[in-house]
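Architecture and fold: a report
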Amino acid sequence: DCDAVKLEQLYALHKNAMLYTAVRILKDPYLAEDAVQKAFIRVLDNLYKIESVEGPKTRAFLVIITRNV
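Described below are features of the structure shown in this document. (Residues numbered from 1 in each chain as written. Predicted model: local features only at pLDDT ≥ 70, side-chain atom pairs only at ≥ 80, totals over all residues. Heavy atoms only, no water.)

What follows covers the overall build of the chain. Secondary structure assignment for the chain yields 3 helices and 0 strands. Reading the secondary structure of the chain in the N-to-C direction produces α-α-α. What you see for the chain is a C-alpha radius of gyration of 11 Å, in line with the 11 Å of a compact globule of 69 residues. Counting only residues that meet the buried cut, the chain has 32% of its 69 residues in that class. Sequence-distant contacts in the chain: of pairs separated by 6 or more residues, those separated by 24 or more amount to 65%. (Helix = DSSP H or I, 4+ residues; strand = E, 2+ residues; numbered from the N terminus. Rg over C-alpha atoms; globule rule 2.2 N^0.38 Å. Buried < 20%, exposed > 50% of the residue type's maximum accessible area, 1.4 Å probe, protein only. Contact = heavy atoms within 4.5 Å.)

Along helix α1 (residues 2-26), the sharpest kink reaches roughly 60°, centred on H14. For α1, the complete set of buried residues consists of K6, L10, H14, A17, M18, T21 and A22. Contacts made by the buried residues of α1 are with α2 (29-45) and α3 (56-68). Among the residues trailing α1, K27 stands out with phi positive, at a value near 60°. (Bend = angle between axes of the 7 residues up to and from the residue.)

The next thing to look at is the packing of α1 against α2. The interhelical angle for the contact between α1 and α2, taken along N-to-C directions, is 135°, at an axis separation of 8 Å. Considering the angle they form, α1 stands oblique to α2. Where α1 crosses over α2, the two elements pack in a sense that is right-handed. Mapping the contact onto sequence places L7, L10, Y11, M18, L19, A22, V23 and L26 in α1 and P29, L31, A32, E33, A35, V36, A39, F40, V43 and L44 in α2. Among the residues forming the contact of α1 with α2, the class breakdown is 17 nonpolar, no polar and 1 charged. (Axes fitted to C-alpha atoms, helices over the stretch in contact; angles between N-to-C directions. Parallel < 35°, antiparallel > 145°, perpendicular 65-115°, else oblique. Left-handed = near helix turned anticlockwise from the far one by under 90°. Nonpolar A, V, L, I, M, F, W, Y, C, P; charged D, E, K, R; others polar.)

Moving on to the nonpolar core. Core analysis: the biggest nonpolar cluster contains 14 residues, and L10, M18, F40, V43, I50 and L62 have the highest contact counts within it. Taken together, the elements giving at least two residues each to this core come down to α1, α2 and α3. The greatest single-element share of this core, amounting to 6 residues, is contributed by α2. Not counting the four nearest positions on each side in its chain, I50 is found in contact with K6, L10, V43, T58, F61 and L62. (Core = buried A, V, L, I, M, F, W, Y, C linked by side-chain atoms within 4.5 Å.)

Structural data, given as structure tokens:
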């Protein structure tokens, strides 16, 4: 499935930035991992909004979702 491949690529490219953001906010690596998982569930709901897997706009979008989680 095209969406599954896109999600895998997003995870591979941006999970570290998302994890860094979550750890910075929560100060707990385990809670941060949970937050990133929840963020990716939200990303899945908004996958249609992401045109390119790479790029600063995509990274910013994912970091904002993480911050909101």
